[in-house]
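Below are the chains, spelled out letter by letter.
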Amino acid sequence: MSSEEAKRFKENVPEGRLKIGTHNGVFHCDELLACFMLQQLPQYATAQIVRSRDNKVLDQCDIVVDVGGTFDRERHRYDHHQGSFNETLNSLRPELNSPWNIRLSSAGLVYTYFGEEVLREVVKRKLGLELDADCLRAVYRKVYDGMISEIDAIDNGVPMFEGGEPQYNITSHLSARAGKFNPVWNEPEPPPEDMERFERAKAYVGQEFEDKVLYYVKSWWPARDIVRRALVNRLNVHESGAILELDQFCPWKEHLYELENEHDAVGQAKYVIYFNKENDWRIICVPKQSASFVCRKFLAKPWRGVRDEALATISGIEGATFCHQTGFIGGNVSRDGALRMAIASLEAPEE
């Protein structure tokens, strides 16, 4: 470290203030989020972010992310670029029994070890709530699955699928949007330690992280009780137990798969009915996987792509309004009609 750089470091970071180290130059989504998450914790809330690739500077930091060539939890060194690093959430937290085997980025590393505490602090600060153990466990997994794993995969160059070329490219993901805060090739290059753009990008990424967390806590998690009631009461809807009725529409798919295991009902639910709005009840087929349109049993084949009076005539069910051309969703003006459509499809021959 040059004497000039050492002087700047001493002047810019007050003595006694904790320091979070990361690399300078072009920044990426993973270290932006890693730094943001750390600063949500009481111990790092007022920490100074130091951007450098000089090991003498980094050695003076209390915690270092995404630079330094070292992963050492005891020393709070969280880099993932070294060839010896192949850790995943599953390998570092085997007690979670998680399915995620994506190589971690610096964001994933920080989330692995500090994630629960970060979630508690964000929710306490934003909502004034204390998360119970079940909610915390579920939201921790959901945030990793719904955000952190994507950042890990993109930063490490993990392909979305094996073989072949993609038919389209997604350029609006968070990692791409965060990268746009960097200077473009033909504008003046700021000093490598310049913090203005970094701070703007960190706030942008942090806002999306907070939005995700708050959505899962306020909206996604409370839906679990609605799905549980529907599963417990399924035999009151139809003797087959294959048709669930939601008290109100909510995010239900992932909760259903987990609750089916708890209630020894794996694979039984084929359709979900719910009130959408006045004169509009919906029938949705339960997919085999949450993000899939391949369903356990589609709506009756002759109905697909048919609407209104024509559908009512073909189905023999009054009030039928539509059936999607793939058969994964349909509608009726009444609950009775929606239930009849679900029963008729349940009894229809397999394709």
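Residues numbered from 1 in each chain as written. Predicted model: local features only at pLDDT ≥ 70, side-chain atom pairs only at ≥ 80, totals over all residues. Heavy atoms only, no water.

**Regarding helix α13 (residues 335-347)**
Cut-off, in case you're wondering: Secondary structure is summarised from DSSP: a helix means a run of H or I of at least four residues, a strand means a run of E of at least two, and numbering begins at the N terminus for each. Here, expected helix span is obtained from the residue count minus one, scaled by 1.5 Å. Burial classification: accessible surface area is computed with a 1.4 Å probe over protein chains only, and a residue below 20% of its type maximum counts as buried, one above 50% as exposed, and the rest as partly exposed. N or O atoms closer than or at 3.5 Å make up a polar contact, with two conditions inside protein: a donor-capable atom paired with an acceptor-capable one, and, for residues adjacent in sequence, both atoms drawn from side chains.
Given a rise of 1.5 Å per residue, 13 residues ought to cover 18 Å, and the 18 Å separating the end C-alpha atoms of α13 matches this to within 8%. For α13, the complete set of buried residues consists of Gly337, Ala338, Leu339, Met341, Ala342 and Ser345. One side-chain oxygen at the N-terminal end of α13 lies 3.0 Å from the backbone nitrogen of Gly337; it belongs to Ser334.

**Brief notes about the nonpolar core**
Keep this limit in mind: By nonpolar core is meant a set of buried Ala, Val, Leu, Ile, Met, Phe, Trp, Tyr and Cys residues that side-chain atoms within 4.5 Å join together. Pairs of residues are marked as contacts when any of their non-hydrogen atoms sit within 4.5 Å.
Core analysis: the largest hydrophobic core is formed by 57 residues, its most contacted members being Leu33, Leu38, Tyr111, Phe114, Leu119, Val143 and Phe209. For Tyr111, the residues in contact, after removing those within four places along its chain, are Met37, Leu119, Val139, Tyr140, Val143, Tyr144, Ile148 and Phe209. Judged by nonpolar contacts, the second largest core, of 41 residues, contains Ala230, Leu259, Ala269 and Cys285.

**Here's the deal with the pairing of strand β9 (residues 320-323)**
Where we set the bar: The pairing criterion is simple: DSSP has to find at least two bridges between the two strands.
Where β9 meets strand β10 (residues 329-332), three bridges bridge the pair, whose relative direction is antiparallel. The residue bridging Phe322 from the neighbouring strand is Gly331, located in β10. Where β9 hands over to β10, the hairpin turn is made up of five residues, of which Gly327 adopts a positive phi near 85°.

**Focus on the side chain of Ser345**
Relative to the helices and strands, Ser345 resides in helix α13. You can call Ser345 buried: its relative accessible area is 0%. When residues no more than four places from it in sequence are discounted, the contact partners of Ser345 are Tyr271, Lys297, Phe298, Leu299, Ala300 and Trp303.

**Structural notes on the sheet that holds strand β4 (residues 71-72)**
Strands belonging to one sheet form pairs held by backbone hydrogen bonds; the direction of such a pair is parallel or antiparallel. Read from one edge of the open sheet, five strands run β2-β1-β3-β5-β4, paired in mixed fashion. On the outer flanks of this sheet lie β2 (48-51) and β4, each paired with one strand and no other. Two strands pair when backbone bridges link them, and β4 and strand β5 (residues 77-78) are joined in this way by two bridges, in the antiparallel orientation. Directly across from Asp72, in β5, lies its bridge partner Arg77.

**Let's talk about the domain arrangement of the protein chain**
Defined as follows: An automatic or database domain assignment provides the domain bounds reported here.
Split into domains, the protein chain comes out as domain 1 (19-159 + 173-181 + 194-219) and domain 2 (238-347). Distance between the C-alpha centres of domain 1 and domain 2: 40 Å.

**As for the layout of surface pockets**
Rule in force here: In this analysis, the protein atoms alone were mapped onto a 1 Å grid. Cavities are point sets where a 1.4 Å probe fits without being able to get out; pockets are open sets with protein on both sides within 12 Å along at least five of seven lines; lining residues have an atom within 4 Å of a point. Grid points are joined across faces, edges and corners, and a volume is the space filled by probe spheres set on the points. In this classification, the charged set is Asp, Glu, Lys and Arg, the nonpolar set is Ala, Val, Leu, Ile, Met, Phe, Trp, Tyr, Cys and Pro, and all remaining amino acids, among them Gly, are polar.
Of the pockets and cavities examined, the second largest pocket occupies roughly 490 Å³. As for the second largest pocket, its lining consists of 19 residues, of which Trp100, Arg141, Trp220, Glu254 and Glu258 are closest to the centre. Contributing elements (two or more residues each) for the lining of the second largest pocket: α6 (133-155) and α11 (253-262). Sorting elements by how many residues they give to the lining of the second largest pocket places α6 first, with six residues. Here the residues of the lining of the second largest pocket sort into six nonpolar, three polar and 10 charged.

**What about the side chain of Gln39?**
With respect to the element layout, Gln39 can be found in the loop between α2 (29-38) and β2. Only 3.2 Å separates the side chain of Gln39 from the backbone oxygen of Ala47, close enough to count as a polar contact.

**What to know about the packing of α6 against helix α8 (residues 196-220)**
Put simply, the rule reads: Each axis is a line fitted through C-alpha atoms, and for a helix only the stretch in contact is used; angles between axes span 0 to 180 degrees, taken between their N-to-C directions. The scheme is simple: roughly parallel for angles under 35 degrees, roughly antiparallel for over 145, roughly perpendicular for 65 to 115, oblique for anything else. Helix crossings get a hand from a simple test, with the near helix turned counterclockwise from the far one by less than a right angle marking a left-handed crossing and a clockwise turn marking a right-handed one.
Contact pair α6 / α8: the axes reach a minimum separation of 10 Å and the direction vectors enclose 135°. In terms of orientation, α6 and α8 fall into the oblique class. For the pair α6 and α8, the crossing hand works out as right-handed. Only Val205, Glu208, Phe209, Lys212, Val213, Tyr216, Val217 and Trp220 of α8 make contact with α6, whose side of the interface consists of Ala138, Val139, Lys142, Val143, Gly146, Met147 and Ile148.

**Brief notes about empty space enclosed by the protein**
Scanning the entire structure with this criterion turns up one cavity of 30 Å³ or more. Here the largest cavity is characterised by a volume of approximately 30 Å³. Contributing to the lining of the largest cavity are Lys253, Ile284, Cys285, Pro287, Ser292, Phe293, Cys295 and Phe328.

**Looking at the sheet that holds β10**
What the five strands build is an open sheet, ordered β6-β7-β8-β10-β9; its pairing is mixed. A single partner strand is all that each edge strand has here, and the edge strands are β6 (243-245) and β9. In this sheet, adjacent strand axes meet at a mean angle of 25° when their direction is disregarded. On the sheet, α13 packs against β6, β7 (271-277), β8 (280-285), β9 and β10 and is oriented at approximately 155° with respect to β7.

**Some words on the packing of aromatic side chains**
Test applied: When two rings of Phe, Tyr or Trp (its six-membered ring) have centres within 6.5 Å they constitute a pair, described as stacked for plane angles under 30 degrees, edge-to-face for angles over 60, and tilted for the intermediate range.
In this structure the tally under the stated criterion is 17 aromatic pairs. Between Tyr111 and Tyr140, the aromatic rings sit 4.6 Å apart at their centres with planes inclined by 15°, giving stacked as the arrangement. Of this pair, Tyr111 sits in helix α5 (residues 106-127) while Tyr140 sits in helix α6, and the two are 29 residues apart along the sequence. For Tyr111, a relative accessible area of 0% translates into the label buried. Seen from their ring centres, Trp220 and Trp221 are 6.3 Å apart, and the 45° between their planes marks the pair as tilted.

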